[in-house]
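Geometric and topological summary
Listed below are the residues making up each chain.
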Amino acid sequence: MTPDDATSPRHAGPIRWPARRWLGVAIAVLGLVALTLQFSAYLQANEHVAQAWQGGLVAALATALGTVPVMFSQRLSDKVQDTLFGFGAGVMLAASSFSLILPGLEAARSSGAGPWAAGGTIGAAILLGALALLVMERLLPHEHFIKGAEGQPARTLQRTWLFVFAIALHNLPEGLAIGVAYAGSGSVGGSTLTAGIAIQDVPEGLVVAVALLAAGYRRTVAVGLGMASGLVEPIGAVLGAAVVSASAMLLPWGLGFAAGAMLFVISHEIIPESHRKGHEAWATGGLMIGFVTMMLLDTALG
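What counts as what
- Residues numbered from 1 in each chain as written.
- Predicted model: local features only at pLDDT ≥ 70, side-chain atom pairs only at ≥ 80, totals over all residues.
- Heavy atoms only, no water.
- Helix = DSSP H or I, 4+ residues; strand = E, 2+ residues; numbered from the N terminus.
- Buried < 20%, exposed > 50% of the residue type's maximum accessible area, 1.4 Å probe, protein only.
- Contact = heavy atoms within 4.5 Å.
- Areas by Shrake-Rupley, 256 points an atom, 1.4 Å probe, with all protein chains shown as cover.
- Core = buried A, V, L, I, M, F, W, Y, C linked by side-chain atoms within 4.5 Å.
- Axes fitted to C-alpha atoms, helices over the stretch in contact; angles between N-to-C directions.
- Parallel < 35°, antiparallel > 145°, perpendicular 65-115°, else oblique.
- Left-handed = near helix turned anticlockwise from the far one by under 90°.
- Salt bridge = Lys/Arg side-chain N within 4 Å of Asp/Glu carboxyl O.
- Arc of directions from axis to C-beta.
- Nonpolar A, V, L, I, M, F, W, Y, C, P; charged D, E, K, R; others polar.
- Expected span 1.5 Å × (residues − 1).
- Bend = angle between axes of the 7 residues up to and from the residue.
- Patch = residues over 30% accessible without salt bridge, like charges linked within 9 Å, V, L, I, M, F, W, Y side chains within 5 Å.
- pLDDT = per-residue confidence, 0-100.

**Some details on the overall build of the chain**
Looking only at helices and strands, the chain has 10 helices and two strands in total. Scanning the chain from its N terminus toward the C terminus, one meets helices and strands in the order α-α-α-α-α-β-β-α-α-α-α-α. With 302 residues in all, the chain has 44% of them scored as buried. In the chain, the proportion of contacts linking residues at least 24 apart, taken out of those at least 6 apart, comes to 79%. Carbon and sulfur atoms make up 69% of the accessible area of the chain, which amounts to about 15400 Å² in all.

Written out as structure tokens, the structure reads:
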């Protein structure tokens, strides 16, 4: 054996991390454990937030479930995709109306506001929710599957992350709505809204995974990102429930804000996406079916 052979990488010993790196890993793990314990204690002390967290997880699971068929099927037809987009828009539109705006008006009146004051409060909150989504869309770099890149230019971000940011912007209002519903309407109203959003999250997860596959991503990556796209919903649910639970005065504003954010996504993203390929009638039919489905859920279960 020559000296060169002895010092070649093939004969080198195991790579050793410096002590400082191991210390950094240990601190990070301990910090994560501490945060998890604190979060668990917070959920135990706040019933509505815990329910919102569980509702958000249900919606995230529904999104993940929708991606599974992509592991076995190449793609969906454009007509089917547009119909599913329309269905999701219809569910969100009915949820905004029956699960958020109407309870928001009732909450405002219960706090002593008259008809005009209650309507003005919810109207202002709706506009604030839409404005917040508009500002986020303008500032956060992201890329849609059909419309392309929007927001601030992102020269250093990979295209994958641009898609992830776009999906997060889409799903955040759903999570907020779930959290606010649990904080305001209790377990019955929150469960009804969660059921409706979960129903539309199944085809939404499928559409997202199919679109990522069509954009050139490997099947496993497309499915993985599609599943991960729903994780923002439990985060948004906890945020919405925590803010509204802090004060009863915030309930009408929270309900209206979540409705405005959802209406913005419906008008600005979902409906244009569903009409872009020439299947407007199918998309509109899906919207009508989705709206009626969510309306029945809300009136029957709420």
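**Quick word on the side chain of N171**
Summarising the element assignment, N171 is placed in helix 6 (residues 159-214). Residues within four places of N171 in sequence aside, it is in contact with E204, S229, G230, V232 and E233.

**Section: the nonpolar core**
By size, the foremost hydrophobic cluster in this structure holds 45 residues, and its most contacted members are L100, L193 and M294. Secondary-structure elements contributing two or more residues to this core are helix 3 (47-67), helix 4 (78-110), helix 5 (115-139), helix 6, helix 8 (232-245), helix 9 (251-275) and helix 10 (280-301). Once you skip the residues sitting within four places of it in the chain, M294 turns out to touch V91, A94, A95, S99, T192, L193 and G196.

**Some details on the packing of helix 3 against helix 8**
Look at helix 3 against helix 8: their axes get within 7 Å of each other, and the N-to-C directions meet at 160°. Considering their axes alone, helix 3 and helix 8 lie roughly antiparallel with respect to each other. Classified by chirality, the crossing of helix 8 by helix 3 is right-handed. Together, H48, V49, A52, W53, G56, L57, A59, A60 and T63 of helix 3 and E233, P234, A237, V238, A241, A242 and S245 of helix 8 make up the contact between the two elements.

**A closer look at the pattern of salt bridges**
In this structure the tally under the stated criterion is one salt bridge. A salt bridge links K277 to D78, with the nearest nitrogen and oxygen atoms 3.2 Å apart. Taken together, the residues K277 in the loop between helix 9 and helix 10 and D78 in helix 4 connect sequence positions 199 residues apart. A relative accessible area of 28% means that D78 is categorised as partly exposed.

**Points about helix 7 (residues 219-228)**
Where helix 7 is concerned, the buried positions are A222, V223, L225 and G226. Mapping the buried residues of helix 7 onto a view down its axis gives an arc of 165°, with all of them on the same face.

**Some details on the packing of helix 2 (residues 19-45) against helix 3**
With their axes 5 Å apart at the nearest point, helix 2 and helix 3 run at an angle of 115° to one another. Seen from helix 2, the contacting residues are F39, Y42, L43 and A45; seen from helix 3, they are E47, V49, A50 and W53. Grouping the amino acids of the contact of helix 2 with helix 3 by side-chain chemistry returns seven nonpolar, no polar and one charged.

**Regarding the environment of M249**
Along the chain, M249 falls in the loop between helix 8 and helix 9. Considered as a pair, M249 and A108 are 141 residues apart in the sequence and their alpha carbons are 8.3 Å apart.

**Examining helix 9**
The terminal C-alpha atoms of helix 9, which comprises 25 residues, lie 35 Å apart, in line with the 36 Å expected from a rise of 1.5 Å per residue. Taken as a whole, helix 9 carries its principal kink of about 40° at I266.

**Things to note about the environment of H170**
Positionally, H170 belongs in helix 6. Note on H170: relative accessible area 16%, which makes it buried. With 91 residues separating them in the primary sequence, H170 and A261 have C-alpha atoms 9.3 Å apart. Dropping the residues within four chain positions of it, H170 is found in contact with E204, V265 and I270.

**What to know about a nonpolar patch on the surface**
Together, L65, V68, M71, F72, V202 and M227 give the surface a local cluster of nonpolar side chains, amounting to about 550 Å² of exposed area. Tracing the backbone shows M227 in helix 7. You can call M227 partly exposed: its relative accessible area is 33%.

**Focus: the confidence of the model for the chain**
Looking at the chain, pLDDT values average 81 and 83% of them are 70 or higher. Put simply, helix 1 (residues 3-6) is where the chain has its lowest mean pLDDT, 50, and helix 3 is where it has its highest, 91.

**Some thoughts on the environment of L128**
With respect to the secondary-structure elements, L128 resides in helix 5. For L128, a relative accessible area of 43% gives the class partly exposed. Sequence-wise, L128 and G256 are 128 residues apart; in three dimensions their C-alpha atoms are separated by 8.5 Å. Setting aside residues up to four positions removed in sequence, L128 forms contacts with W253 and F257.

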